[in-house]
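# Observations on the model geometry
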Amino acid sequence: MSYWNGDNNEEVTNSTSTTQNDKVLITIAMIKSKLYGINDATFKDIQTGEELVTIIYFSSLIEKLTLHRTVILPLLTQKEELVKFADVPAQINLADIVSTIIEGNTIVYFHTKNIFAIVNTYSPPMSSIIGSDTESSVIGPQDAFTESLQTNLSLIKRRIQNTSLKNKDYIVGTETNTKISVVYMEHIVNKDNLDKVHKKIVDIKHPGFNDISILEQLMDDHPFSPIPQYLATVRPDAVASYLLDGRIAIFMNNSQAVMICPISFFELFTSPEDAYNRWTTASLLRTLRFFGFFLSVILTPTYISVLTHHPEMLPFNALLNLQESRGKVPFPPILEVLFMELVIEILREAGTRMPSKIGQTIGIVGGIVIGTAAVEASLVSNVLIVIVAISALLSFLSPNFTLSNSNRAIRYIFIVAAGMFGLYGQMIAFAWLFHHLLTLTSLGTPFMTPVIPRKWTDFLNSVVRAPFFFDKRKSGVANVQSKKAPPIEKGE
């Protein structure tokens, strides 16, 4: 930065002219040719008291007030003020200059001295920090991540004020050049897991990333599985908790969600709110979510199995009532179930795509009206309406939205199996599901940990949530370096 010292101007000018532009003399015309056809690429000439200066930037990425305050005003009044913001690299080439502009910085080119300075002016319109609609909670912090990578990192650094909190940046997307940041606690995280994440990211060759869910699918250990193998969350308190547990968090610019790895199947049923509830309440709710997932999968298939293949399993009076309920229904149970499941899927999709108030109306009114009309038209039975409604509600108990969607796909496998072989088909489908879960891994860690293989340190925080004084050891899922949780260092 001594370039800005008037006494050393000549010396530094000579030095820079042989370092920045030693091999290829970069000109404004060359930069213009690179940015040709980009309408918001702005080249503005400013005549200062000493020389002509050209500033180059993308107007869509920079707020006018920021540009005026950090670049134009210091140039016209006092160039030394620019020292606080500018970076004058010793070596820079044309590709670096173009990349810097694309990232939202402003290039300041001094014609007389032939020097390129970089000023960080990235300031596009950003949404403010608000609560989450997808992971809402009654108690606990209400803030959620935004689409800004820097804002999201700041939300974590506000919660973990520790020098061991490290992050490493990558650029992914061969066309979009999307910036991601891998965050971890250096003294806790497993180094092998970090190496695996690094290798997976480096090996990915994909043109563009509009959301981190695309990166998640590309990094999956088993990409053909319907079960998510990483956890995506928009809650900063959840990410901070996982980081302190030795996990790795991956942030992406322009994505609200943050990816956590590795995880276990049981952690897909945990909610950050569990930590804020009493352990008894938290354990009850977590158990309800876990068994609700499997109940949702087997309820409607069991209806098909019992009516089609095993009517003798029901008490006589119950069977009589059930047959009376569907006495006028002309279709076999499997078609009846598939019809109602399809109606629920349509209502769910329509309610999701519509504006929130209209979506709620469609969900409530559509469900009541269509359900009643379907019964009166003898398309389905009253009992099936109740079973399908309960099954749909159970599928939403999981706090992980991706797992809820997986539940829908798995249920259809069970329905077909029940229609073909009854309860035997359901048992075969269950055997497939458990075998599949046992073969899954998350970043190389068995997905059914801590049950298979057993991790005693995690048993007290899996399906149930034990009191905190039992939770003195770090998670075995992350295979952390230090089993005991070290004290948080105070920031300097």
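Going by the structure above, here's the rest.
This part covers the sheet that holds strand β8 (residues 231-233). Spatial ordering of the open sheet is given by β6-β7-β9-β10-β8, a layout of five strands whose pairing is antiparallel. Sheet topology places β6 (165-172) and β8 at the edges, where each strand pairs with a single neighbour. Going from strand to strand, the sheet's axes swing by 25° on average, the running direction of each strand aside. In this sheet, strand β7 (residues 178-185) lies alongside β6 in antiparallel orientation, the contact comprising eight bridges. Bridge pairing links Asp169 to Ser181 in β7. Where helix α7 (residues 212-219) meets the sheet, its contacts fall on β7, β8, β9 (248-252) and β10 (258-261), and the angle it forms with β9 comes to roughly 135°.

The next thing to look at is the packing of helix α9 (residues 279-308) against helix α14 (residues 401-421). Packing of α9 against α14 leaves a shortest axis separation of 8 Å and a crossing angle of 25°. When the interaxial angle is binned, α9 and α14 end up roughly parallel. The handedness of the crossing between α9 and α14 comes out as right-handed. Of the residues in α14, those touching α9 at Phe293, Ser296, Val297, Ile298, Thr300, Pro301, Ile304 and Ser305 are Leu403, Asn407, Ile410, Arg411, Phe414, Ile415, Ala418 and Gly419.

With that out of the way, let us pick up the nonpolar core. Counting 42 residues, the largest nonpolar core has Ile227, Val239, Leu243, Phe251 and Phe265 as its most contacted members. Listed by contribution, the elements that provide at least two residues to this core are α5 (149-159), β7, α8 (236-244), β9, β10, α9, α14 and α15 (423-439). The contact partners of Leu243, leaving out residues within four places of it in the chain, are Ile156, Ile160, Leu165, Val183, Tyr184, Met185 and Ala249. Grouped together as the second largest cluster of nonpolar side chains are 32 residues, Leu35, Ile55, Phe110 and Ala117 included.

This brings us to the side chain of Ser283. Positionally, Ser283 belongs in helix α9. Accessibility expressed as a relative area gives 9% for Ser283, which makes it buried. Here Ser283 is in contact with Val463, Val464 and Arg465, once residues within four sequence places are set aside.

Moving on to the sheet that holds strand β4 (residues 106-110). Taken together, five strands build an open sheet; the order of strands is β1-β2-β4-β5-β3 and the sheet is antiparallel. The strands lining the two open edges of the sheet, one partner per strand, are β1 (41-47) and β3 (86-87). Alignment of β3 against strand β5 (residues 115-119), held across two bridges, turns out to be antiparallel. Among the inter-strand pairings, Ala86 is bridged to a residue of β5, identified as Val119.

Attention now goes to the pattern of salt bridges. Pairing is possible between side chains that carry opposite charge, provided their charged atoms lie close to one another. Counting across every chain of the model gives 15 salt bridges. Arg411 is paired through a salt bridge with Glu341; the nearest N and O atoms lie 2.9 Å apart. Separated by 70 residues along the polypeptide, Arg411 in helix α14 and Glu341 in helix α11 (residues 333-353) bring together distant segments of the chain. Assigned by exposure class, Arg411 and Glu341 land together as buried.

Turning our eyes to something else, we now look at the environment of Glu376. Tracing the chain through its elements places Glu376 in helix α12 (residues 356-376). For Glu376, a relative accessible area of 66% translates into the label exposed. The spacing of Glu376 and Lys328 is 48 residues in sequence and 9.7 Å in space, taken between C-alpha atoms.

As a further point, take unusual backbone geometry. Of note, the bond from Cys261 into Pro262 is cis; its omega dihedral lies within 30 degrees of zero at -10°. Checked against the element boundaries, Pro262 lands in the loop between β10 and α9. A cis amide bond links Thr449 to the next residue, Pro450, at an omega of 15°. Looking at the element boundaries, Pro450 is found in the loop between β12 (445-446) and α16 (456-459). One non-glycine residue, Asn114, adopts positive backbone phi at about 55°. What makes Asn114 buried here is its relative accessible area of 13%. With a phi angle near 70°, Asn254 is a residue other than glycine that sits in the positive phi range. Tracing the sequence through the fold places Asn254 in the loop between β9 and β10.

Moving on: the side chain of Glu345. Structurally, the position occupied by Glu345 is in helix α11. Aside from chain neighbours lying at most four places away, what touches Glu345 is Arg408 and Tyr412.

Viewed as axis vectors pointing N to C, α11 and α14 meet at an angle of 170°, and their least axial separation amounts to 11 Å. One finds that α11 runs roughly antiparallel with respect to α14. Seen from α11, the contacting residues are Ile334, Val337, Leu338, Glu341, Leu342, Glu345, Arg348 and Glu349; seen from α14, they are Arg408, Arg411, Tyr412, Ile415, Val416 and Gly419.

Here we come to the packing of aromatic side chains. Overall, the coordinates contain 18 aromatic pairs when judged by the stated rule. With centroids separated by 5.9 Å and ring planes inclined at 15°, the aromatic side chains of Phe294 and Phe434 adopt a geometry described as stacked. One end of the pair, Phe294, is in helix α9; the other, Phe434, is in helix α15, with 140 residues separating them in the sequence. Residue classification places Phe294 among the buried residues on the basis of a relative accessible area of 11%. Phe434 gets classed as partly exposed once you look at its relative accessible area, which sits at 38%. Counting every residue linked through ring pairs, the aromatic cluster contains Phe265, Phe266, Phe269, Phe290, Phe291, Phe293, Phe294, Phe414, Phe430, Phe434 and Phe447. Across the ring face of Phe43, the terminal group of Lys32 is positioned such that the distance to the ring centre comes to 5.4 Å. The positively charged end of Arg465 is found above the aromatic ring belonging to Phe468, 4.3 Å away from the centroid.

Rules and cut-offs
- Residues numbered from 1 in each chain as written.
- Predicted model: local features only at pLDDT ≥ 70, side-chain atom pairs only at ≥ 80, totals over all residues.
- Heavy atoms only, no water.
- Pairing = 2+ DSSP bridges.
- Helix = DSSP H or I, 4+ residues; strand = E, 2+ residues; numbered from the N terminus.
- Axes fitted to C-alpha atoms, helices over the stretch in contact; angles between N-to-C directions.
- Contact = heavy atoms within 4.5 Å.
- Parallel < 35°, antiparallel > 145°, perpendicular 65-115°, else oblique.
- Left-handed = near helix turned anticlockwise from the far one by under 90°.
- Core = buried A, V, L, I, M, F, W, Y, C linked by side-chain atoms within 4.5 Å.
- Buried < 20%, exposed > 50% of the residue type's maximum accessible area, 1.4 Å probe, protein only.
- Salt bridge = Lys/Arg side-chain N within 4 Å of Asp/Glu carboxyl O.
- Phe/Tyr/Trp six-rings, centres within 6.5 Å; stacked < 30°, edge-to-face > 60°.
- Lys NZ or Arg CZ within 6 Å of the ring centre and 35° of its normal.

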